[in-house]
Amino acid sequence: MKQLKGNLLQKHAVVLVVYGLVFVLITVGAIYSERFLSVRNLTNVFRQAAYLGTAALGEMLVILTAGIDLSIGSLVKLSVLVSAILMDGNPDNVLMAVSLTLALGLSVGLIHAFFINELNLSPFVVTFASLFILQGISLTITTKPIGRSSKEFLLLYSQKFFEVPVIVYFFGLLTLLIAFLLRMTVFGKYIYAVGGNLTVAELSGVPVKKVRYGVYGLCSLLAAVTGLLWLMRMGVGDPVIGKELELNAIIAVVIGGTSLFGGRGTVSGVIGGVLLLTFTDNLLVVLGVNQFVSGLIKGLIFVGAVALYKPNKGFYGSSI
Amino acid sequence: MVDKEKHHLKLKNLIAVYGVYLALLILLLVASYITPDLFEEDTLAVMFRQSAQLGIIAIGQTMVMLVAGLDLSVGGVIVMTSMVVAEVSNGRDELIPLSILVALIIGAMIGFGNGLLITKRKVPPLVATLVMLFLVQGAQQAITRGVPSGFVPEALGVVNQSWGFLSIPLAVWFVLNAIFFVMLKMTSFGRQIYAVGSNEDAARLSGLAVHKTKITVYVLASCLAVASGVILTGYVGYVDRFIATGLDLDSVAAAVVGGTAFYGGKGGLLGTIAGVLIIQILSTMVVLLGLDAQTQFIIKGLVILAAVGLYGFAQKNA
């Protein structure tokens, strides 16, 4: 019994540590600022978390298969530009712009998977090259803000339902969907199998290539969704958007206990990682920390969070 | 028949080893037709200077990748160097050695931190060097309050010294390459790097100090970034937070194009030199052709894909 308890604790150690850190941040915020625990601020934090979180969930799917996608920041940038240009402020164009942007995202992901599957290239190299190519296309299109969101689309950002922004509902739903996908479906089991042990997965008949098409497609699709969320927020296609997003997403995924070697990680952990990053940002603003010092504090928190875990135990080892 | 096959095999092997130099040669031939301006002395001088700046970091990046690692913090180290040099010397020539020494010590500490996170805490290199980059950038902002102060000593402008297309940065790049080439190929430490990168478990079991090797490599990579930073600072002549934008990813790209693998143990400095030159020649050609400067990102991406595609093909068939 005692051992079972120990195992359980060890199993969930990462998630516990991440949420523990989030709890510490919330406590500090609650003590030092009256505004922090207000409904307004908290809903705001969760709305911000949706931006990093949507991208991070996609990144997580790829990382679970022992892959990586370094291109999502560049794809978010391209998606913002394309959707803004297509929408061009006209409400009649919304449906067309949204579907074409999503199609663009999906195709980019499928192309990644094609290169990895059929040409036997490593995911790191393929998406590293893609990072450059997508960024190049975006910046060739424009280096200044371009296009316009339609008014109705822009309003979605501030739209609330029972005091909670609709974007938060969307993100909650997305989280549940991904969790369902990973826990309850065959595809989810395949994802863990491919990342856990590729040879065993292949020998036991897991359609490895199809799984890769699935995860890379979903990851890029979610990056396109993140681009659309940014258009809602900015109202224009700003080429600054998406800079280094992939790096923050990877940090959130890894701090949340997902192993970069694949096969291990949970949605709850990733959400914890996303909340940790978002709350850190929010807290530094709410507490009025000097903006120049806040970068240092953030760096310290990241290094601390990454270094906290004991080698060989818990962290990159066992946390399904 | 057999002979023919043998010959065929040999050719493919040759392509695998010298492919990148063949590509460089073809690129130069193409350039001589479509952008002959590339071979003018001034253009060559600028191109080589930029190659040297990128090439010096790429030496470190290559060694890090040889131990199956990655260092994304080199850009941060370069900016740190330029700030430290300006801050410590504050424009006084006699303080240049001291300021470089301080930058080297801080750089070595950053590399040491990277190495510790990666070996003792088993943090993946990508994440470890990334959080380290955030920490370094954060510290810079906190110390400078966003506005870098201090002056770059005039004497550091010596790096602008050039003779035709030859220049001091180019000489430094050459010397550093020679030193590290010898280290990698002829010393036991160099062999340890390859051993650790090809099979870490085997290296550990045969008694190699895996952690020590890795940490040393990360420290060396950071120190090389400091060297590149000193040259860049002397060239620019003032402190600039954006001095190193893109150099970190470019150094990875150069190593990859040169045939160094992400999974460690494979590759080397000769390939990286060619990789650096290919990237810089292409970037220069984009400018000479009057193309949108941003298209060089697309070209870089395509070159990386083409290079790894060819290496994969050659390896499979060799």
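This structure is a prediction, so every number in the text was calculated from the model and none was measured. (Residues numbered from 1 in each chain as written. Chains lettered and ligands numbered in written order. Predicted model: local features only at pLDDT ≥ 70, side-chain atom pairs only at ≥ 80, totals over all residues.)

Let us look at the overall build of chain A. Looking only at helices and strands, chain A features 14 helices and two strands. Here the C-alpha atoms of chain A give a radius of gyration of 20 Å, agreeing with the 20 Å that 2.2 N^0.38 yields for 320 residues. When the backbone C-alpha atoms are referred to their principal axes, chain A occupies close to 60 × 55 × 35 Å. For chain A, with 320 residues in total, the buried portion stands at 50%. When contacts within chain A are restricted to residue pairs at least 6 apart in sequence, long-range pairs at least 24 apart make up 80% of them. (Helix = DSSP H or I, 4+ residues; strand = E, 2+ residues; numbered from the N terminus. Rg over C-alpha atoms; globule rule 2.2 N^0.38 Å. Buried ≥ 20, exposed ≤ 12 C-beta atoms within 10 Å, placed from the backbone. Contact = placed C-beta atoms within 7 Å.)

Here we take up the overall build of chain B. What chain B contains, in helices and strands, is twelve helices and two strands. Listed by position from the N terminus, the elements making up chain B come as α-α-α-α-α-β-β-α-α-α-α-α-α-α. Since a compact globule built from 318 residues should have a radius of gyration of about 20 Å, the 20 Å found for chain B is in line with a globular shape. Split into buried and exposed, the 318 residues of chain B put 48% on the buried side. Within chain B, contacts between residues at least 6 apart in sequence are counted, and of these 77% link residues at least 24 apart.

On to the UniProt feature "transmembrane region" (unreviewed entry) in chain A, then. Residues and elements named next belong to chain A. As recorded in UniProt, the sites labelled "transmembrane region" (unreviewed entry) are residues 12-32, 61-87, 94-115, 121-141, 161-182, 213-233, 245-263 and 283-309. Helix makes up 74% of residues 61-87 and strand makes up 0%, while its end C-alpha atoms are separated by 30 Å. With 77% helix and 14% strand, residues 161-182 has end C-alpha atoms that lie 29 Å from one another. (UniProt positions renumbered as here; feature names shortened; annotations may be inferred.)

Ala 56, Ile 251 and Ala 252 of chain A together with Val 127, Val 131, Val 257 and Ile 304 of chain B are the most contacted members of the largest nonpolar core, which totals 187 residues. The contact partners of Ile 304 of chain B, leaving out residues within four places of it in the chain, are Val 125, Phe 128, Ala 129 and Phe 132 of chain A together with Ala 253, Val 256 and Val 257 of chain B. (Core = buried A, V, L, I, M, F, W, Y, C linked by C-beta atoms within 7 Å.)

At the junction of the two partners, chain A supplies 35 residues and chain B supplies 36 residues. Of all the elements in the fold, those that place two or more residues in the side of chain A that touches chain B are α6 (123-141), α12 (245-255) and α14 (291-307) of chain A. When residues of the side of chain A that touches chain B are assigned to their parent elements, the largest contribution, twelve residues, is made by α6 of chain A. Looking at the side of chain A that touches chain B, its residues break down into 26 nonpolar, eight polar and one charged. (Nonpolar A, V, L, I, M, F, W, Y, C, P; charged D, E, K, R; others polar.)

Residues and elements named next belong to chain A. Here the phi dihedral of Phe 162 falls at roughly 55°; this positive angle occurs in a residue that is not glycine. Checked against the element boundaries, Phe 162 lands in the loop between β1 (160-161) and β2 (164-165). Looking at Phe 162, the number of C-beta atoms within 10 Å reads 5, which means it is exposed.

Turning our eyes to something else, we now look at the packing of helix α9 (residues 186-196) of chain A against helix α11 (residues 208-234) of chain A. Residue and element names in this part refer to chain A. Contact geometry for α9 and α11: axes closest at 10 Å, N-to-C directions at 105°. The angle between α9 and α11 falls in the class roughly perpendicular. Note on element contacts: α11 touches α9 through Val 208, Val 211, Gly 214 and Val 215, opposite Phe 187, Tyr 190, Ile 191 and Val 194. A breakdown of the residues in the contact of α9 with α11 according to their chemical character gives seven nonpolar, one polar and no charged. (Axes fitted to C-alpha atoms, helices over the stretch in contact; angles between N-to-C directions. Parallel < 35°, antiparallel > 145°, perpendicular 65-115°, else oblique.)

For the rest of this paragraph, the subject is the UniProt feature "transmembrane region" (unreviewed entry) in chain B. As recorded in UniProt, the feature "transmembrane region" (unreviewed entry) lies at residues 15-34, 54-83, 95-118, 125-143, 163-184, 215-236, 269-291 and 297-314 of chain B. The span residues 95-118 of chain B is 96% helical and 0% strand by assignment, and the distance between its end C-alpha atoms comes to 35 Å.

Next up on the list: helix α9 (residues 210-236) of chain B. Each α-helix turn comprises 3.6 residues. Residues three or four places apart therefore point the same way. Residue and element names in this part refer to chain B. Helix length check: α9, at 27 residues, gives a terminal C-alpha distance of 39 Å against a target of 39 Å (1.5 Å per residue), a fit within 8%. Within α9, 20 of the 27 residues are buried, which leaves it mostly tucked inside the rest of the structure. One or two positions beyond α9, positive phi appears at Gly 237, with a value near 85°. (Expected span 1.5 Å × (residues − 1).)

What follows concerns the environment of Gly 55 of chain B. Residues and elements named next belong to chain B. Looking at where Gly 55 falls in the secondary structure, it is placed in helix α2 (residues 41-66). As a C-alpha pair, Gly 55 and Thr 187 span 132 residues in sequence and 22 Å in three-dimensional space. If near-sequence neighbours (up to four positions away) are discounted, Gly 55 is found in contact with Trp 173, Ile 273 and Val 276.

Quick look at the environment of Ile 241 of chain A now. Considering the arrangement of structural elements, one finds Ile 241 of chain A in the loop between α11 and α12. Through-space distance from the C-alpha of Ile 241 of chain A to that of Ser 74 of chain A is 8.7 Å; in sequence the pair is 167 residues apart.

Another aspect to go through is the environment of His 12 of chain A. Its place among the elements puts His 12 of chain A in the loop between α1 (2-11) and α2 (13-32). When the C-alpha atoms of His 12 of chain A and Pro 239 of chain A are compared, they prove to be 40 Å apart, with 227 residues separating the residues in sequence.

Axes are the key here: two packed helices are described by the angle between their axes and the distance separating the axes. Residue and element names in this part refer to chain A. At a minimum axis separation of 6 Å, helix α4 (residues 72-87) and α12 run at an interaxial angle of 130°. The orientation of α4 with respect to α12, classified from their angle, is oblique. Along its contact with α4, which presents Ile 72, Gly 73 and Val 76, the element α12 presents Leu 245, Glu 246 and Ala 249. Class assignment of the residues belonging to the contact of α4 with α12 gives a composition of four nonpolar, one polar and one charged.

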